[in-house]
Amino acid sequence: MTSPSASSRKKELVEWQVNPPSGFKHKVTDNLQRWVIEVIGAPGTLYAGETYQLQVDFPEHYPMEAPQVIFVPPAPLHPHIYSNGHICLDILYDSWSPAMTVSSICISILSMLSSSTAKQRPPDNDRYVKNCKNGRSPKETRWWFHDDKV
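Residues numbered from 1 in each chain as written. Predicted model: local features only at pLDDT ≥ 70, side-chain atom pairs only at ≥ 80, totals over all residues. Heavy atoms only, no water.

The protein is annotated in an unreviewed UniProt entry as UBC core domain-containing protein of Penstemon davidsonii. For the record of the protein, the UniProt heading Sequence similarities (unreviewed entry) holds the text "Belongs to the ubiquitin-conjugating enzyme family." (UniProt positions renumbered as here; feature names shortened; annotations may be inferred.)

Spelled out as structure tokens, the structure:
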């Protein structure tokens, strides 16, 4: 018997293959629990033409629970992206909705990258990364969402 989470992922993957969001490519693997997605910086932005990889890990109760989404290092220099790949973006945590999809997450991340005016790490990058040793999930972090300008 297929779990609802597996069914949701398969449906999303089929939709992705038919109509992928612009600027993204799903790297095909046999693992439906973990997607690797190539992100291509949008033209006319600080990240134009640059390529990064997102890793999407699906929890057992997806889509009721948000997937874990991180950049595979090297992560882009951005005020909301830590050098370990963790992303400070409310829809990945507190503002998650089961109506969201991997495509909507990717579009939000590309929008976040595209609106950035400076390539820099968050001010607390070193402290945060040091505290995330031993593979701590970004979902265990108490994020403080205060800056929607970047």
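A.B. asks: Teacher, can you tell me more about the UniProt feature "active site" (unreviewed entry) in the protein here?
C.D. replies: Under the UniProt annotation, "active site" (unreviewed entry) lies at Cys-88. Inspection of the secondary structure assignment puts Cys-88 in the loop between β4 (68-72) and α2 (102-114). (Helix = DSSP H or I, 4+ residues; strand = E, 2+ residues; numbered from the N terminus.)

A.B. asks: Would you explain the pairing of strand β3 (residues 51-57) in this entry?
C.D. replies: Counted residue by residue, β3 has five buried out of seven residues, so it is predominantly covered. Strand direction decides the pairing type here: strand β2 (residues 34-40) and β3, joined by seven bridges, are antiparallel. Across the sheet, the residue bridging to Val-39 is Tyr-52, located in β3. When β3 meets β4, the two strands line up antiparallel, connected through five bridges. Along β4, the bridge assignment pairs Leu-54 with Phe-71. (Buried < 20%, exposed > 50% of the residue type's maximum accessible area, 1.4 Å probe, protein only. Pairing = 2+ DSSP bridges.)

A.B. asks: What exactly am I supposed to notice about empty space enclosed by the protein here?
C.D. replies: If you roll a probe as big as a water molecule over the atoms, it shows you where there is empty space left. Enumeration according to the criterion identifies one cavity of 30 Å³ or more in this entry. The computed volume of the largest cavity comes to approximately 30 Å³. Considering only residue class, the lining of the largest cavity consists of three nonpolar, three polar and one charged. (1 Å grid on protein atoms, 1.4 Å probe; cavity = no way out; pocket = protein on both sides within 12 Å on 5 of 7 lines; lining within 4 Å. Points joined across faces, edges and corners; volume = space filled by probe spheres on them. Nonpolar A, V, L, I, M, F, W, Y, C, P; charged D, E, K, R; others polar.)

A.B. asks: Before we go on, may I ask you to explain the sheet that holds β3 in this structure?
C.D. replies: Sheet strands pair by backbone hydrogen bonding; their relative direction is either parallel or antiparallel. Taking strand neighbours across the sheet as the criterion, the four strands line up as β1-β2-β3-β4 in an open arrangement whose pairing is antiparallel. Looking at the sheet topology across the chains shown, the edges are occupied by β1 (24-27) and β4. Direction aside, the axes of adjacent strands within the sheet are offset by 30° on average. (Axes fitted to C-alpha atoms, helices over the stretch in contact; angles between N-to-C directions.)

A.B. asks: What's the story with the pattern of salt bridges in this structure? I'm lost.
C.D. replies: Opposite charge on two side chains allows them to pair when their charged atoms are near. This model, assessed by the stated rule, comprises four salt bridges. Here Lys-25 ties to Glu-38 by a salt bridge, and the two come within 4.0 Å at their closest N and O atoms. With Lys-25 in strand β1 and Glu-38 in strand β2, this residue pair connects regions lying 13 residues apart in the sequence. The partly exposed category is assigned to Lys-25, whose relative accessible area is 47%. Residue class for Glu-38 comes out buried when judged on its relative accessible area of 19%. Two residues, Arg-34 and Asp-57, come together in a salt bridge whose shortest N-O distance is 2.5 Å. In this pair, Arg-34 sits in strand β2 while Asp-57 sits in strand β3, placing the two residues 23 residues apart along the sequence. (Salt bridge = Lys/Arg side-chain N within 4 Å of Asp/Glu carboxyl O.)

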